[in-house]
Amino acid sequence: MSDQVHKVVIIGSGPAGWTAAIYAARANLDPVVYVGVAKQSPSIQLPGGQLMLTTDVENYPGFPEGVSGPQMMQMFQKQAERFGTKTQPRDIVSVEFNQNGPHKLTTDKDETVLAHTVILATGATANWIGLDNEQRLARNGGGVSACAVCDGALPMFRDKPLAVVGGGDSAMEEATYLTKFASTVYIIHRRDELRASKVMQERFLSKPNAKVLWNKTVEDVLSAPDQHGHEVITAVQLKDTLTGELSELEVGGLFVAIGHTPATGFVKDSGLEFDDKGYVDLKGKSTATNIPGVFAAGDVADSEYRQAITAAGTGCQAALDAEHWLGDHDLI
Ligand code: NAP
């Protein structure tokens, strides 16, 4: 174990983590980023957060032509490293937060890392149905996504019938957004009653191209090569939960909106406080948690907005909060 106590250790390598690193590095705090190997889906395990699963990002300001999610994360990393950020290709698997610091972190290689401040930026992962073809097409930009706001406006989805799985507020929000581009938007829900709030339901159901398919689950995702030879979704196979009957629904896109899970497993028993949805609870307007010197940024503390730009914004806040905290404790 090294005795070195880092001023700032950042856990997570999505927009929140890298933005925190850029700010911390430029403030001469010598940040170290543990990039993690977050499990993005049943078959995808890679650092970089949910953007690694996003093909074109068109809503991040400053990229008028759009940018691919992985490319954007590489650019964030390069920018952070340019100012001296150290990148560690490791996962933090457990933590021991000490009220009086320093905090002790353990990597997947059983190394111990000490830090005066820790910024949690491990994000959240979209829940997936768990089908092989769903995963393959999501990974290859084949028309399966877990974020309509990120991907729904892409040309490949224009004027096509699209399906959204889920019956909660996210599903309604995503489906309502898609009605602007799609010929028809089908909500596929496993029950005969939506979980979403009435106002969100009505917002979707009031659209002329909105339809709900009740008591249906998606059993498979069917695909074929498009005119460029790229494998894209053509239909979903549905199962009626009451009769067991199988059917096919032709669609040009599938959006999975069955909730998110914040990546907090490794801090569950650390004394950190969570909100009633399991996200890290923040104090007031800051990124401070209930533990002195521990901050959280991005989707791990945000069940509401979950956008790259909002994650980056809170990453910046967390670095500034950490810098102030270090200053207040005479550690810089
Ligand atoms: P959620 O409320 O947990 O809803 C998840 C939905 O997915 C439920 O309808 C659930 O079905 C369905 N589901 C779960 N697992 C499934 C599976 N394996 N196969 C098929 N369907 C499955 O999650 P959410 O919609 O992401 O919302 C999360 C929180 O954020 C909520 O508190 C919500 O109010 C909030 N939110 C608010 C807004 C807004 O107000 N603008 C927008 C988005 C989210 P069952 O209903 O049968 O359980």
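Residues numbered from 1 in each chain as written. Predicted model: local features only at pLDDT ≥ 70, side-chain atom pairs only at ≥ 80, totals over all residues. Heavy atoms only, no water.

K.L.:
Teacher, can you tell me more about unusual backbone geometry here?
P.N.:
Most peptide bonds are trans, and most residues other than glycine sit at a negative phi. In this structure, Pro 102 follows Gly 101 across a cis peptide bond, with omega equal to -15°. You will see that Asp 159, though not glycine, has its phi angle at about 60°, which is positive. Tracing the backbone shows Asp 159 in the loop between helix H4 (148-151) and strand E13 (161-165). For Asn 215, which is not a glycine, the phi torsion comes out positive at approximately 55°. Examined against the element boundaries, Asn 215 turns out to sit in the loop between strand E15 (210-213) and strand E16 (216-225). (Helix = DSSP H or I, 4+ residues; strand = E, 2+ residues; numbered from the N terminus.)

K.L.:
What's the story with the nonpolar core in this structure? I'm lost.
P.N.:
The nonpolar side chains of a soluble globular protein tend to be buried with one another. The biggest cluster of nonpolar side chains holds 32 residues, and the ones touching the most others in it are Ile 10, Trp 18, Tyr 60, Met 72, Phe 76, Ile 119 and Phe 295. With eight residues, helix H7 (residues 308-328) is the single largest residue contributor to this core. When residues no more than four places from it in sequence are discounted, the contact partners of Phe 76 are Pro 15, Trp 18, Thr 19, Ile 22, Tyr 60 and Ala 312. Membership of the second largest hydrophobic core comes to 21 residues, among which are Ile 92, Leu 105, Val 113 and Val 280. (Core = buried A, V, L, I, M, F, W, Y, C linked by side-chain atoms within 4.5 Å. Buried < 20%, exposed > 50% of the residue type's maximum accessible area, 1.4 Å probe, protein only. Contact = heavy atoms within 4.5 Å.)

K.L.:
Looking at this structure, how should I read helix H3 (residues 132-139)?
P.N.:
Each full turn of the α-helix corresponds to 3.6 residues, which orients residues three or four apart in the same direction. What H3 keeps buried is the set Glu 134, Gln 135, Leu 137 and Ala 138. Positive phi appears at Gly 141, one or two residues downstream of H3, with a value of about 65°.

K.L.:
So what exactly am I meant to see when it comes to helix H5 (residues 169-178) here?
P.N.:
Those residues of H5 that sit buried are Ala 171, Met 172, Glu 174, Ala 175, Thr 176 and Leu 178. In this structure, the buried residues of H5 make contact with H4, E13, strand E14 (184-188), helix H6 (198-205) and strand E19 (253-256).

K.L.:
What exactly am I supposed to notice about the packing of aromatic side chains here?
P.N.:
Aromatic rings in a pair are described by how distant their centres are and how their planes are angled relative to each other. Following the criterion strictly, the structure yields four aromatic pairs and no others. Between Tyr 60 and Phe 76 the ring centres are 5.9 Å apart and the planes differ by 70°, which places this aromatic pair in the edge-to-face class. Placement of the pair is Tyr 60 in the loop between strand E5 (56-57) and strand E6 (67-68) and Phe 76 in helix H2 (residues 69-82), with a sequence separation of 16 residues. With a relative accessible area of 13%, Tyr 60 lands in the buried category. A relative accessible area of 9% means that Phe 76 is categorised as buried. A connected cluster of aromatic rings, assembled from ring pairs, spans Tyr 60, Phe 63 and Phe 76. Seen from the ring of Phe 274, Lys 268 lies directly overhead, with NZ or CZ sitting 4.6 Å from the centre. (Phe/Tyr/Trp six-rings, centres within 6.5 Å; stacked < 30°, edge-to-face > 60°. Lys NZ or Arg CZ within 6 Å of the ring centre and 35° of its normal.)

K.L.:
I keep staring at the side chain of Ser 303 and nothing clicks. Help me out?
P.N.:
By secondary structure assignment, the location of Ser 303 is in the loop between strand E21 (294-296) and H7. When neighbours within four sequence positions are excluded, Ser 303 is seen to be in contact with Lys 277 and Tyr 279.

K.L.:
Looking at this structure, how should I read the sheet that holds E14?
P.N.:
Within a sheet, neighbouring strands are paired by backbone hydrogen bonds and run either parallel or antiparallel to one another. Read from one edge to the other, the open sheet built from five strands follows the order E12-E19-E13-E14-E15, with strand pairing classed as parallel. Each of the sheet's edge strands pairs with one partner strand only, and the pair in question is strand E12 (144-145) and E15. Two strands pair when backbone bridges link them, and E12 and E19 are joined in this way by two bridges, in the parallel orientation. Each bridged residue has a counterpart across the sheet, and for Val 144 the counterpart in E19 is Leu 254. (Pairing = 2+ DSSP bridges.)

K.L.:
Explain the packing of H5 against H6 to me, please; I cannot follow it from the model alone.
P.N.:
How two helices sit against one another is set out by the angle between their axes and by the gap between those axes. Across the interface, H5 lies against H6 with an axial gap of 9 Å and an inter-helix angle of 25°. Taken together, the axes of H5 and H6 lie roughly parallel to each other. Judged by the twist between their axes, the crossing of H5 over H6 is left-handed. Contacts between H5 and H6 involve Asp 169, Met 172, Glu 173, Ala 175 and Thr 176 on the former and, on the latter, Met 200, Gln 201, Arg 203 and Phe 204. Along the lines of polarity and charge, the residues of the contact of H5 with H6 split into four nonpolar, two polar and three charged. (Axes fitted to C-alpha atoms, helices over the stretch in contact; angles between N-to-C directions. Parallel < 35°, antiparallel > 145°, perpendicular 65-115°, else oblique. Left-handed = near helix turned anticlockwise from the far one by under 90°. Nonpolar A, V, L, I, M, F, W, Y, C, P; charged D, E, K, R; others polar.)

K.L.:
Sorry, what's going on with the sheet that holds strand E18 (residues 246-250) here?
P.N.:
If you walk across this open sheet you meet the three strands as E16-E17-E18, and the pairing is antiparallel. Edge positions in the sheet fall to E16 and E18, since each of these pairs with one other strand and no more. Sheet twist, expressed as the mean angle between neighbouring strand axes with direction ignored, is 30°. Pairing geometry for E16 and strand E17 (residues 231-240), over nine bridges, is antiparallel. Opposite Thr 217, over in E17, you have Lys 239 as the bridge partner.

K.L.:
Is there a simple way to explain the site of the ligand in this structure?
P.N.:
Looking at the ligand, there are 16 residues lining it, with Asp 169, Ser 170, Arg 190, Arg 191 and Arg 195 nearest. The separation between an oxygen atom of the ligand and a polar main-chain atom of Gly 168 is 3.3 Å. The side chain of Asp 169 places a nitrogen or oxygen atom 2.6 Å from an oxygen atom of the ligand. Across the complex, the protein chains shield 73% of the 920 Å² of accessible surface that the ligand would expose by itself. Ranked by residues supplied to the shell around the ligand, first place goes to H5 with three residues. Of the residues that constitute the shell around the ligand, the class distribution is three nonpolar, six polar and seven charged. (Near = heavy atom within 4 Å. Polar contact = N/O pair within 3.5 Å; in protein donor to acceptor, adjacent residues only side chain to side chain. Areas by Shrake-Rupley, 256 points an atom, 1.4 Å probe, with all protein chains shown as cover.)

K.L.:
Explanation requested: the domain arrangement of the protein in the structure shown.
P.N.:
The accessible area lost on association of the parts is a frequent measure of interface size. Taken domain by domain, the protein holds domain 1 (5-125 + 260-328) and domain 2 (128-256). For domain 1 and domain 2, the distance between their C-alpha centroids amounts to 31 Å. (Domains from an automatic or database assignment.)

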